Structure formats: C-alpha cells, structure tokens
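# Close look at the chain arrangement
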Amino acid sequence: MLFRVVLAVAVLVIFVYGLVDVIRTDGRLTRGISKPAWIVVMIVLPVLGAILWLLIGRPRDSAPVRQTYSHPSAPDDDPDFLRNLEMRRRNQTEAARLKKLKDDLEAKAKADGGPAGTGQDSAGTGDADTHDTGDIK
C-alpha cells in the first residue's frame, strides 16, 4: 500500500517537473521536436514523456532561461516614477515657501497697523488675498 502511494507521488512529481520545465524553456532551444509537440508528448505519455524530455529535448549546457520584463521591478527603478516624485517634492517645497511668504506678509501688514490682506502682494500685481463678501460700501 505504501509503495503504491510513493510510486504515485513520484510519477506526479516527475510529470509536473517535466511539464513545467517544457513550458518555461524557450521554444528555440528545444531539441528533437517543437515545444508544442513536447507539451503534447508530456500530456499523452506523462512519465515516458518527462524522461524523454530530460534525456532528449531539454537544452544542454545552458542556464535556465530567465524571463526579462520590460517594466522596472520596483518603483525606485522606474525613471518616470522618480521624475514625478521629484516634481511633486519641488511643488510641495514651493507651496510651503509661498505659504510662508504669505504668512510673513500678513504678519507684517498686521504689525504696520493695517488690516491683513488689503494691500498689494510682494510682486505688486494687486492680487492680494481678499474676500468679496458682496457688501456694498
């Protein structure tokens, strides 16, 4: 009984290993017959197909073919991500600088005795931060 279980597990392991190896191998490197034909042989004759694949069809003297991906593997390897991150950081720094300048300008206007936000901004464009309440004076 135990022998049958061990034999069944060994057959399954050999079949799955052979099939996965055929699928992962580049089609140009297979020997004997084409890659789709090897897959059919593996499915029709599981153990014999796996043994034949390992002896005849598998490429020799070559490292396993690693798949190359066109996209970066991590965000910090992606130049577009890094460029956008740098632009976001610069925009946040600029926004913080402008907020500080606005706060300093309002503090200076209060210290001079005038109400804050009624004068011109530092560029002299007249775009001070005013709120139109709709009141007519």
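Residues numbered from 1 in each chain as written. Predicted model: local features only at pLDDT ≥ 70, side-chain atom pairs only at ≥ 80, totals over all residues. Heavy atoms only, no water.

### Considering the UniProt feature "transmembrane region" (unreviewed entry) in the protein chain
Following the UniProt record, one finds the feature "transmembrane region" (unreviewed entry) at residues 36–56. Helix makes up 95% of residues 36–56 and strand 0%. Its end C-alpha atoms lie 15 Å apart. (UniProt positions renumbered as here; feature names shortened; annotations may be inferred. Helix = DSSP H or I, 4+ residues; strand = E, 2+ residues; numbered from the N terminus.)

### A closer look at the nonpolar core
The biggest cluster of nonpolar side chains holds 6 residues, and these are Leu19, Val22, Trp38, Met42, Ala50 and Trp53. Counting only elements with at least two residues in this core, the list comes to α1 (2–24), α2 (35–44) and α3 (46–57). Contact partners of Trp38, with chain neighbours within four places excluded, come to Val22, Thr30, Arg31, Ile33, Gly49, Leu52, Trp53, Ile56 and Gly57. (Core = buried A, V, L, I, M, F, W, Y, C linked by side-chain atoms within 4.5 Å. Buried < 20%, exposed > 50% of the residue type's maximum accessible area, 1.4 Å probe, protein only. Contact = heavy atoms within 4.5 Å.)

### Describing the pattern of salt bridges
Where side chains of opposite charge bring their charged atoms close, a pairing between them can arise. Under the definition given, this model contains 8 salt bridges. Among the ionic contacts, a cluster of salt bridges with common partners joins Glu86, Arg89 and Arg90. (Salt bridge = Lys/Arg side-chain N within 4 Å of Asp/Glu carboxyl O.)

### Side note on the packing of aromatic side chains
In this description, an aromatic ring pair is defined by two values, namely the gap between the centres and the angle between the planes. Enumeration over the complete set of coordinates arrives at 1 aromatic pair. A ring pair is formed by Trp38 and Trp53, whose centres lie 5.5 Å apart and whose planes are at 75 degrees; its orientation type is edge-to-face. Residue Trp38 is found in helix α2, and its partner Trp53 is found in helix α3; the two are separated by 15 residues along the sequence. When its relative accessible area of 4% is taken as the criterion, Trp38 is described as buried. What makes Trp53 buried here is its relative accessible area of 0%. (Phe/Tyr/Trp six-rings, centres within 6.5 Å; stacked < 30°, edge-to-face > 60°.)

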